[in-house]
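Here's the letter readout for the chains.
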Amino acid sequence: MKYLVLLYGDEKVWDEATAEQRERIMAAHEAFDRAAAERATILGGEALAPADTTTTLGPDTGSGRTVTDGPYAETVEQLGGYYLLEARDLDTVTELCQLLPDYYTLEIRPVVDLM
Amino acid sequence: MSTVDAADAVEQAWREHWGRLLALLVSRYRRLDLAEDALAEAFEAATRHWARDGVPANPPAWLLTAARRRVLDRLRAEAVHARREPVIVADEELRRREREQAADPARQEAPEVPDERLRLILLCCHPALALESSSALALRLVLGLSVADIARLFLAREATVAARITRAKRKIATAGMPFGLPPAHRLGERVDRVADVAYLAFTAGYVPGPGAQLHRVELAGEAVRLLRVTRELVGPAPLVDLTLALMCFQHARRDARQDPRTGDLVLLPDQDRSRWHHDEIDAAAGLLAPWLGEALPDRPRVRLLEALIAAEHAVAPTAADTRWDRIAAAYAELEALTASPVVRLNRAVAVAEAEGPDAGLSLLDGLEAQLGSSHRLPAVRAELLARRGDREAARTAYEAAIRLCPNDVERASLRRRADLLAAGTPR
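### Some points on the overall build of chain A
In terms of helices and strands, chain A carries three helices and six strands. When its helices and strands are written in sequence order, chain A yields β-α-α-β-β-β-β-α-β. Seen through its C-alpha atoms, chain A measures out along the principal axes to roughly 50 × 45 × 15 Å. Counting across all 115 residues of chain A, residues that qualify as buried make up 18%. In chain A, the proportion of contacts linking residues at least 24 apart, taken out of those at least 6 apart, comes to 77%.

See the structure below:
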């Protein structure tokens, strides 16, 4: 099964982190990468630029889309990155996600298989 | 074969084999919806066939064959319509066993029924499902309760429960929750979750509701069965044993809780203790005893203290013999662990019994802020005020409790106590 893992977090944590703390965060990602390569397949994954660089386009209800500067929802926790995984089951993914940096909130969404 | 005998045989097969057969169908076809419908239909068919042709020599094998046939019919129909439903993920061990069984015609003829129930229980109680969903799902899939009965238990509408179960089944398949056993280091927390699911269903049966309580209390007993089955499969574990003990102590009092003539709620001190199930109390004590001296983490420790309190009530020969000092001590530790205002309220009652109403009343100070909307706080206050002879203040507190109480049976009970007080006999 394919899963999209969405990584949410307070951007301040990274911005205000010391070099040592940043190293720990990176090390957590590397540990995740290694374990995920072993027990699943990483199909993709990126870190995203800060949420304030987002451009949001509203729905077109007949008069065109409105363009807004900034993310759809202004919350403390913003989407900061994602992984796309191929894994056997949900438990495998949740177990792998334990390795990711502590301060993230993680959402695991199954990808619809349209085969 | 009379219809009655056949009905009994179906009932017995349902109690003994439903969960196992369903688990087997799920492991084979990986479709909860199909397995559930097919097995329910097989039991319906059994009611007709067994009355006509006699009970088969091997009822579970008959039921399994009948259910399989129905699953295959459905799968064929789906293939015709080119529909594709998501299937459940199963583990390697299970696939290997299935391949072996499929390759061996003799084992298909007389299927030995391997016990897949633990997989099914853990799946229903998966932490990615809400506790309420897990409770409904486990009662339906593991024990085979009807949606109507589950709705009755939770005081919910049937359509609501049906929707909750459907959504949970869909999530299991779509999110890829495995029909498998977790790694050894995760088994403990997964089994703890089953204890929480069972306890939620159990307490639901004891929440006062409209109409007769008896049937819902019987349904609460099904939660005991769920946890007992789990314990048979995994062996002793602290949270499971202690939750089971707690439920059994409470459930052993079921027949004495309601006045058989009037239907009124009978409070613990007034219950006829000869109507308690003392065999069940002994069994619960047996579950509790091994953990008494153990150093336990907070969660099982809380459950242990709750079970200890229930045990003290259950073993007292009369209400007057209750060892309130021990109960008060257990509540004090429980309050320290949970910081719960409800625990504080119960502790106040125990302390009042052990040391007198004034000691109890002083523990109620400051609870209004947290329990202001509950009728139990003024009800307890009224009781303690009455006991120290403060009748005017007690009357006011009873009126407040009666105003706040949402339930008919309990409100009637409060009204009786208030009337007794007015008549000059507070106890």
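### Brief notes about the overall build of chain B
The secondary structure content of chain B amounts to 21 helices and two strands. In terms of overall dimensions, chain B has C-alpha extents of about 80 × 50 × 40 Å along its principal axes. A buried classification covers 40% of the 427 residues belonging to chain B.

### Digging into the packing of helix H11 (residues 214-234) of chain B against helix H12 (residues 238-251) of chain B
Residue and element names in this part refer to chain B. At a minimum axis separation of 10 Å, H11 and H12 run at an interaxial angle of 150°. Regarding the angle of H11 to H12, the classification is roughly antiparallel. The two elements H11 and H12 cross, and the hand of that crossing is left-handed. Here Ala 220, Gly 221, Ala 223, Val 224, Leu 227, Arg 228, Thr 230 and Arg 231 of H11 lie close against H12, whose contacting residues are Val 240, Asp 241, Thr 243, Leu 244, Met 247, Cys 248 and His 251. Looking at the contact of H11 with H12 residue by residue, the classes come out as eight nonpolar, four polar and three charged.

### Points about the sheet that holds strand E2 (residues 41-47) of chain A
All names here are of chain A. With antiparallel pairing, four strands are arranged side by side in an open sheet as E2-E5-E1-E6. Strand pairing shows two members of the sheet lacking a second neighbour, E2 and strand E6 (105-110), which therefore form its edges. This sheet shows a mean twist of 20° between the axes of neighbouring strands, independent of strand direction. Here strand E1 (residues 2-10) runs beside strand E5 (residues 77-86); their pairing, made up of nine bridges, is antiparallel. Note on E5: the bridge partner recorded for Val 5 is Tyr 83.

### Here's the deal with the interface of chain B and chain A
Between chain B and chain A, the contact holds eight residues from the first and six residues from the second. In the side of chain B that touches chain A, the residues fall into six nonpolar, two polar and no charged.

### Focus on the environment of B:Ala316
All names here are of chain B. Along the chain, Ala 316 falls in the loop between helix H14 (298-315) and helix H15 (324-338). A C-alpha to C-alpha distance of 9.2 Å links Ala 316 and Arg 273, two positions 43 residues apart in sequence. Here Ala 316 is in contact with Asp 321, Thr 322 and Arg 323, once residues within four sequence places are set aside.

### Concerning H12(B)
One turn of the α-helix equals 3.6 residues, which is why residues spaced by three or four share an orientation. Look at H12(B): 20 Å from first C-alpha to last across 14 residues, which is about the 20 Å you get at 1.5 Å a residue. With respect to burial, H12(B) is a largely interior element, 14 of its 14 residues being buried.

### A short note on the nonpolar core
Residues and elements named next belong to chain B. In terms of nonpolar packing, the biggest core is built from 134 residues, with Leu 22, Leu 25, Ala 138, Ala 198, Ala 245, Phe 249 and Ala 307 touching the most fellow members. Considering each element in turn, this core owes the most residues, ten residues, to helix H1 (residues 3-29). Discounting chain neighbours no more than four positions away, the residues touching Phe 249 are Ile 281, Ala 284, Ala 307, Ala 310, Ala 311 and Ala 314.

### So, helix H2 (residues 32-53) of chain B
Residue and element names in this part refer to chain B. With 22 residues, H2 should cover 32 Å at 1.5 Å per step; its first-to-last C-alpha distance of 30 Å lies within 8% of that length. Along H2, the sharpest kink reaches roughly 25°, centred on Ala 46. When we look at burial in H2, the residues that qualify are Leu 32, Leu 34, Ala 35, Glu 36, Ala 38, Leu 39, Ala 42, Ala 46 and Trp 50. Where H2 is buried, its residues meet H1, helix H3 (59-80), helix H7 (131-141) and helix H9 (158-175).

### A short note on the environment of B:Asp255
All names here are of chain B. Here Asp 255 is to be found in the loop between H12 and helix H13 (278-288). Residue Asp 255 is classed as partly exposed on the basis of its 15 C-beta neighbours within 10 Å. Separated by 182 residues in the primary sequence, Asp 255 and Asp 73 have C-alpha atoms spaced 46 Å apart.

### Some remarks on unusual backbone geometry
All names here are of chain B. Even without glycine at this site, Leu 155 takes up a positive phi of about 55°. Looking at the element boundaries, Leu 155 is found in the loop between helix H8 (147-153) and H9. For Leu 155, a count of 14 C-beta atoms within 10 Å corresponds to the partly exposed category. Of note, the phi angle at Ala 339 is positive, near 55°, even though the residue is not glycine. Within the fold, Ala 339 resides in the loop between H15 and helix H16 (341-355).

Reading guide: rules and limits
- Residues numbered from 1 in each chain as written.
- Chains lettered and ligands numbered in written order.
- Predicted model: local features only at pLDDT ≥ 70, side-chain atom pairs only at ≥ 80, totals over all residues.
- Helix = DSSP H or I, 4+ residues; strand = E, 2+ residues; numbered from the N terminus.
- Buried ≥ 20, exposed ≤ 12 C-beta atoms within 10 Å, placed from the backbone.
- Contact = placed C-beta atoms within 7 Å.
- Axes fitted to C-alpha atoms, helices over the stretch in contact; angles between N-to-C directions.
- Parallel < 35°, antiparallel > 145°, perpendicular 65-115°, else oblique.
- Left-handed = near helix turned anticlockwise from the far one by under 90°.
- Nonpolar A, V, L, I, M, F, W, Y, C, P; charged D, E, K, R; others polar.
- Pairing = 2+ DSSP bridges.
- Expected span 1.5 Å × (residues − 1).
- Core = buried A, V, L, I, M, F, W, Y, C linked by C-beta atoms within 7 Å.
- Bend = angle between axes of the 7 residues up to and from the residue.

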